[in-house]
Structure formats: structure tokens, C-alpha cells
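Letter by letter, the chains look like this.
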Amino acid sequence: MALYYYTAKTERQLIHKLTEKLDAHKSVFAPQWIVSGHNATNNYLIDNIANHNGIAANVKFKQVIPLIEHLHSTLGLAQDKNELIRSEQLPWFIDEIMQSADFTKLPEAEKIMKYIADNPQKRFTLAEKVNGLFSSYQEEKPQLIACWNNQQLLADNPDEKWQSYIWQQLKHRLGNRLRDLSSIFDEVKESLKSDVHKKVVKRHFPALFFYGNLPYSAQLLDVLQALSQDMDVHIFRTMFSTNREHPLIQNLGKVAARDNKLFENVASEETEAPVDSMASPKHLLDFLQQDILGKSDTPFDYQAADDSLVITSSYAVGREVEAFYHYLLRLFKENKELAAREVCVVIPNIETYAPAIKTYFDHKQNSDPSGNDQPLIPYTIYDTSHRIYASP
């Protein structure tokens, strides 16, 4: 029993390693627990597991925090959910705390009180924002909440002082009815010292597979290290060399850099990959990709006709999808070798776009404004409430 850490430069290499390990651990009776970040990732994994291993049965998916909460419940440590304060209820308690005399007298809250200016709507809106911050802190900065629980500060700044005051007041007023992930992590880790609890976890979770660049934290790694004493825990992450001085990496790669630091002392097994042999960039997108990887040494001569990277703006979702529909038709017309299955469209919220996609891609008239026939574009939607939707 151990903690196994695998890294790869591409998703294809990583998914191959995952399916290999799943195949080695498969059992007719025991579920295979995979921890991922999105429903779309789950659908992608199911398809690839079935393709590689012939079947994808008895696979269960959880995100990181729901898994820890499930562990907490399985060990008999969880509070009755009916007694917990729901997230949508917390703004009312926060609003009440911000009206208290003790809060208004805090020197660090002076700026907040000036902003609110006795306006109940502003105060409650701020309470909702603070509630969102607390949710983010619990998942991404559990060490911050842990400090607040011990009446300490992680950093000496005014904003943390008034926020910590609100959090501590919530803990004081609500007690165990407040969902506190920091305490849940600590309770799970402490319970794993018991042989009885170890057997319970082993029976319910024969092995755990963490796939992708998930929101890791020091607390999560501590729990995984404890779990790995009695079960196999597999972590799969993509990690490739980059030019760390690149502005895009500095602005968009902070989470990956933080996670890489967390795993510095964890021995990894890197999947073998062919030696990269990149040709000279022909397009702007080629150049940008190589520049991020630190493999571009010469300036790029941009041409106005280069459409490898296009940024457009539309006034509504329906218009955006319609414009994209016509853009795809042009691509397929210009490149006869391009197939619909080779086009991947990434959307932040597929539920918002799905109706418009169905409208333009399913029911579009089969002719252009000139009356010329044009084929419908086949597609598959992932990550909706129905898991997969395929075009007629």
C-alpha cells in the first residue's frame, strides 16, 4: 500500500497510465473511485476507459471536497445534514454580524462601514460576497481557515482581520452547524489512526485514483498520505516544462506553480514521451505555444491573414453560436480533410449554450442565403444533465 504519483506531458499519456492502473485494480464487486474536476472529464474518462479496457463498469466519480465529506460520513464523523446551515443561509448570519456594534468598531472595518453607509442592500450584497470568499478559502486555502480557527492570522493585513472576525463569530454562533472543511480534514486524518476506522475505509475504498490538476492543498496531501498506509492512492497530473518568465504563465499558471511546489517532496513516475521535435512556427498560435514552452528563440513575423488565433464578440449567446456555426462551415469548406470529430469546442457553461447549439446545429435550414445546400454538422455535447447529447 502506497501513494503513487504519475506525471505526463500530455493528456493522452496520462489517460493511458490511468487505464493501465485501473485495469490492474479491477474487481467485479469493488467500485473504482476516481476523483476528477468536472462532469465533462468524467465523460471523457468513461469513454477512454471503455476503449482501453473493453469496459467501464462500477466506476464512481467524486470531486475532491465531496470525496473528503463522503470519507468523513463513512467514518461516522459527519454531523446530521439536516442540522447543518446551508450555504445560501449564511449571508443572513454574516449580515447580522456586520450590523453588530463590535464589528462596526473594528478599526479594520472602517473602510467596509464607509462602503455600506447604512445601506441594507449594499450590506447584504457584501455578505453574499463574503460567503463566496469563505467557500473559496475552504477549498483553496484551508490553511487560512485553520489559522482563523486557532484565533491566528495567516498574514497581517486589514482585510484578513475583519474577515477572520466574521468567521470566528460564525463559529461561535453556529458551532458544529457550520460546514468547516478545515475541521473535516483534521477529523478524517485523526480517525485514520484507529485500526477500526482503517478497516472501514479499506472496505469502502479499495483504491483511490485522482485524475487531473485538481485543487490540491497541504491538508489534502496529509490525508492522502494517511490513507496510503492501508490502501493504494494514485495521483495523475499533467506537468510540462514552461518558460516561467512568460507573462501568460505568470498570470494564468499560478495554481499549477503552487501545486508543483506541494509535490516537490513526493516521488513521481514520469510517463515516457517521445522527444519533442517542433518545426518552426508557421502561425501565431504555433509561436505562442512554443513561446510558452520556452522553445521559440526567434521573433515571429505576424501576417494579417493569419487566423490561427481569432477573438470575436457577440451580443448574445444565440448570435455567438450562429456565428460559430457559419465559421465551422467555412473551415470545412476550406479544409476538405478536416472532420467534425476533430473539432473540440470548450465552453465555460455548457448548460447555457446547449439550447442555442441544438437550435442552430439541429434545425438550421439546409441551405445558405444563396439557396445552396449545406450539410448539418454532427456533434456531441458533454457535461449536461443528461451526460451526453448527440445530434440527430
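Source: prediction; values computed, not measured.

Participant: Account for the overall build of the chain, naming residues and giving values.
Facilitator: In terms of helices and strands, the chain carries 17 helices and 8 strands. Counting over 392 residues, the chain shows a buried share of 36%. Sequence-distant contacts, at least 24 apart, represent 70% of the contacts inside the chain between residues at least 6 apart. Here the chain displays about 23800 Å² of accessible surface, and carbon together with sulfur accounts for 51% of that area.

Participant: Report on the side chain of Ser 182, specifying residues and quantitative values.
Facilitator: In this fold, Ser 182 is placed in helix H10 (residues 181-191). Residue classification places Ser 182 among the buried positions, given a relative accessible area of 3%. If we ignore the near neighbours within four places in the chain, the residues touching Ser 182 are Gln 138, Pro 142, Ile 145, Ala 146, Asn 149 and Gln 219.

Participant: Kindly report on the side chain of His 234, identifying the contributing residues and their values.
Facilitator: For His 234, the location among the structural elements is in strand S5 (residues 232-238). With relative accessibility at 2%, the residue His 234 sits in the buried group. Discounting chain neighbours no more than four positions away, the residues touching His 234 are Tyr 4, Tyr 6, Lys 21, His 25, Leu 208, Phe 209 and Phe 210.

Participant: So what's going on with the environment of Trp 167? Residues and values would help.
Facilitator: Within the secondary structure, Trp 167 sits in helix H9 (residues 158-174). Residue classification places Trp 167 among the buried residues on the basis of a relative accessible area of 1%. In sequence terms Trp 167 and Asn 131 are 36 residues apart; their C-alpha atoms lie 9.5 Å from each other. Residues in contact with Trp 167, not counting those within four places in the same chain, are Phe 134, Gln 138, Ile 145, Trp 148, Asn 149, Leu 178, Arg 179 and Asp 180.

Participant: Give me the lowdown on the pairing of strand S4 (residues 207-211), citing residues and values where you can.
Facilitator: Burial runs high along S4: 5 of the 5 residues are buried. Of the two faces of S4, both are covered, the one formed by Ala 207, Phe 209 and Tyr 211 as well as the one formed by Leu 208 and Phe 210. Taken together, the 3 bridges between strand S2 (residues 32-35) and S4 define a ladder with parallel strand orientation. Residue pairing in the sheet places Ile 34 in a bridge with Phe 209 of S4. The pairing of S4 with S5 spans 5 bridges and is parallel. Among the inter-strand pairings, Phe 210 is bridged to a residue of S5, identified as Ile 235.

Participant: Could you give me a rundown of helix H3 (residues 64-74), with the residues and numbers involved?
Facilitator: Every α-helix winds through 3.6 residues per turn, so residues three or four apart in the chain are directed the same way. Of the residues making up H3, those classed as buried are Val 64, Ile 65, Leu 67, Ile 68, Leu 71, His 72 and Thr 74. Phi turns positive, to about 75 degrees, at Gly 76, one or two residues after H3.

Participant: An account of empty space enclosed by the protein is requested, with residue identities and associated values reported.
Facilitator: According to the stated counting rule, one finds 2 cavities of 30 Å³ or more in the structure shown. Put simply, the largest cavity is a space of about 50 Å³. Looking at the largest cavity, the residues that line it are Leu 192, Lys 198, Val 201, Lys 202, Ala 226, Leu 227, Asp 230 and Met 231. Breaking the lining of the largest cavity down by element, the ones donating at least two residues are helix H11 (195-204) and helix H12 (218-227). Here the element with the most residues in the lining of the largest cavity is H11; it accounts for 3 residues. In the lining of the largest cavity, the residues fall into 5 nonpolar, no polar and 3 charged. Quantified by volume, the second largest cavity comes out at close to 30 Å³. Val 64, Ile 65, Gln 138, Glu 139, Pro 142, Phe 185, Pro 215, Ser 217 and Leu 220 together form the lining of the second largest cavity. Elements that contribute at least two residues to the lining of the second largest cavity include exactly H3 and helix H7 (120-140). When the residues that make up the lining of the second largest cavity are grouped by side-chain class, the tally is 6 nonpolar, 2 polar and 1 charged.

Criteria and cut-off values
All residue numbers refer to position in the chain's written sequence, counted from 1. Totals for whole chains, interfaces and linings use every residue, but because this is a predicted model, local features are given only for residues with pLDDT of at least 70 and side-chain atom pairs only at 80 or more, for both listing and counting. Only hydrogens and water are removed before side-chain values are computed, so all heavy atoms of the structure are retained for them. For helices the rule is a DSSP run of H or I covering at least 4 residues; for strands it is a run of E covering at least 2, with both sets numbered from the N terminus onward. Type-normalised accessible area, obtained with a 1.4 Å probe on protein chains alone, sets the label of each residue: buried when under 20%, exposed when over 50%, and partly exposed for intermediate values. The contact rule is simple, with two residues in contact once any of their heavy atoms fall within 4.5 Å. For the accessible areas, the method is Shrake-Rupley and the probe is 1.4 Å, while residue cover comes only from the protein chains on display. Paired strands, in this sense, are two strands between which DSSP finds at least two bridges. In this analysis, the protein atoms alone were mapped onto a 1 Å grid. Cavities are point sets where a 1.4 Å probe fits without being able to get out; pockets are open sets with protein on both sides within 12 Å along at least five of seven lines; lining residues have an atom within 4 Å of a point. Grid points are joined across faces, edges and corners, and a volume is the space filled by probe spheres set on the points. Residues are grouped as follows: Ala, Val, Leu, Ile, Met, Phe, Trp, Tyr, Cys and Pro are nonpolar; Asp, Glu, Lys and Arg are charged; all remaining types, including Gly, are polar.

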